[in-house]
Amino acid sequence: EAKYIIISPRSKLKSVRDFNGFTSVSRTKMSADLLGDAVLVKSNADHNPRTRDKPAHVFIYECTRNDSYQPDTDEPFADEGMTTITDDTICKKCQMTFKSFHGNVDIQDQGVVQWTRRFRNHIIHCKGNR
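Definitions and cut-offs
- Along each chain, residue indices are assigned from 1 in the same order as the chain's sequence is written.
- In view of the model being predicted, local features appear only for residues whose pLDDT reaches at least 70, and side-chain atom pairs are presented and counted only at 80 or more, with totals across whole chains, interfaces and linings using the full set of residues.
- The side-chain figures draw on all heavy atoms in the structure; neither hydrogens nor water molecules are used.
- Each helix is a run of H or I in the DSSP string that is no shorter than four residues. Each strand is a run of E no shorter than two, and both are numbered from the N terminus.
- Contacts are residue-level and defined by heavy atoms, with any inter-residue pair within 4.5 Å sufficient.
- In plain words, nonpolar cores are sets of buried Ala, Val, Leu, Ile, Met, Phe, Trp, Tyr and Cys residues tied together by side-chain atoms within 4.5 Å.
- Remark: exposure states derive from per-residue accessible area (1.4 Å probe, protein chains only) relative to the maximum for the residue type, with buried under 20%, exposed over 50%, and partly exposed in between.
- Note on pairing: two strands pair once DSSP finds at least 2 bridges between them.
- For helices, the fitted line uses only the C-alpha atoms of the stretch in contact; every axis is such a line through C-alpha atoms, and the angle between N-to-C directions lies from 0 to 180 degrees.

Caption draft 1: Local environment of the overall build of the protein. Along its length, the protein carries 4 helices and 3 strands. Helices and strands appear in the protein in the N-to-C order β-α-β-β-α-α-α. Long-range contacts, defined here as pairs at least 24 residues apart, represent 73% of the contacts in the protein between residues at least 6 apart.

Below, the structure is given as structure tokens:
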């Protein structure tokens with residue numbers, strides 16, 4: 001079981017989280033002080049008086065390789081059929097349609113982009129129970 005370790009100041013790395021080449025990604029928060037002299041890039045927070053006194057953290061991502069992923073033929077990120085979302089688009093995990101997701105709300109009121117983004121996020125994070 002191959003593992004990859006990523007150290008980043010960013011609390012979320014969507015490209016790592018959603019990458020089909022990993023079966024799992026776990027994140028651990030760690031004080032940057034524990035790295036000592038190992039930090040290669042000085043933070044901009046050191047120059048900003050508002051953030052200078054805040055504790056600096058880094059995040060360690062432990063990624064487990066997906067052995068069945070073939071980079072030459074497989075898509076790097078799951079599309080989940082989300083290129084075009086219509087009222088009939090279905091979440092494959094819980095079988096909810098986009099129409100039932102937004103209910104009786106006219107999506108034009110808040111914007112199609114916002115509602116389709118919400119439904120895409122639902123599809124990505126759905127646990128399969130309604």
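Caption draft 2: Examining the nonpolar core more closely. Residues Ile85, Cys91, Cys94, Met96, Phe98, Ile107, Trp115, Phe119, Ile123 and Cys126 constitute the largest nonpolar core, which totals 10 residues. Those residues in contact with isoleucine 107 that sit more than four places away from it in its chain are Phe98, His102, Val112 and Trp115. By size, the runner-up hydrophobic cluster in this structure holds 6 residues, among which are Val16, Phe22, Phe59 and Tyr61.

Caption draft 3: Representation of the sheet that holds strand 1 (residues 3–8). Here 3 strands make up an open sheet; going across it, the order is 1-3-2 and the pairing antiparallel. Strands at the two margins of the open sheet, each flanked by one partner only, are strand 1 and strand 2 (22–31). The mean angle between the axes of side-by-side strands here comes to 20°, regardless of whether they run parallel or antiparallel.

Caption draft 4: Main features of unusual backbone geometry. A positive phi angle is found at glutamine 95, which is not glycine, with a value near 70°. Mapped onto the secondary structure, glutamine 95 falls in the loop between strand 3 (57–65) and helix 2 (98–102).

Caption draft 5: Structural view of the environment of threonine 28. For threonine 28, the location among the structural elements is in strand 2. What makes threonine 28 partly exposed here is its relative accessible area of 44%. On a C-alpha basis, the gap between threonine 28 and tyrosine 61 in space is 6.5 Å, while along the polypeptide they are 33 residues apart. For threonine 28, the residues in contact, after removing those within four places along its chain, are Val58, Phe59 and Ile60.

Caption draft 6: Layout of the environment of glutamine 110. Residue position: glutamine 110 is located in helix 3 (residues 107–110). Judged by its relative accessible area of 42%, glutamine 110 falls in the partly exposed class. Sequence-distant contacts of glutamine 110, that is, excluding residues within four places in its chain, are made with Trp115 and Arg118.

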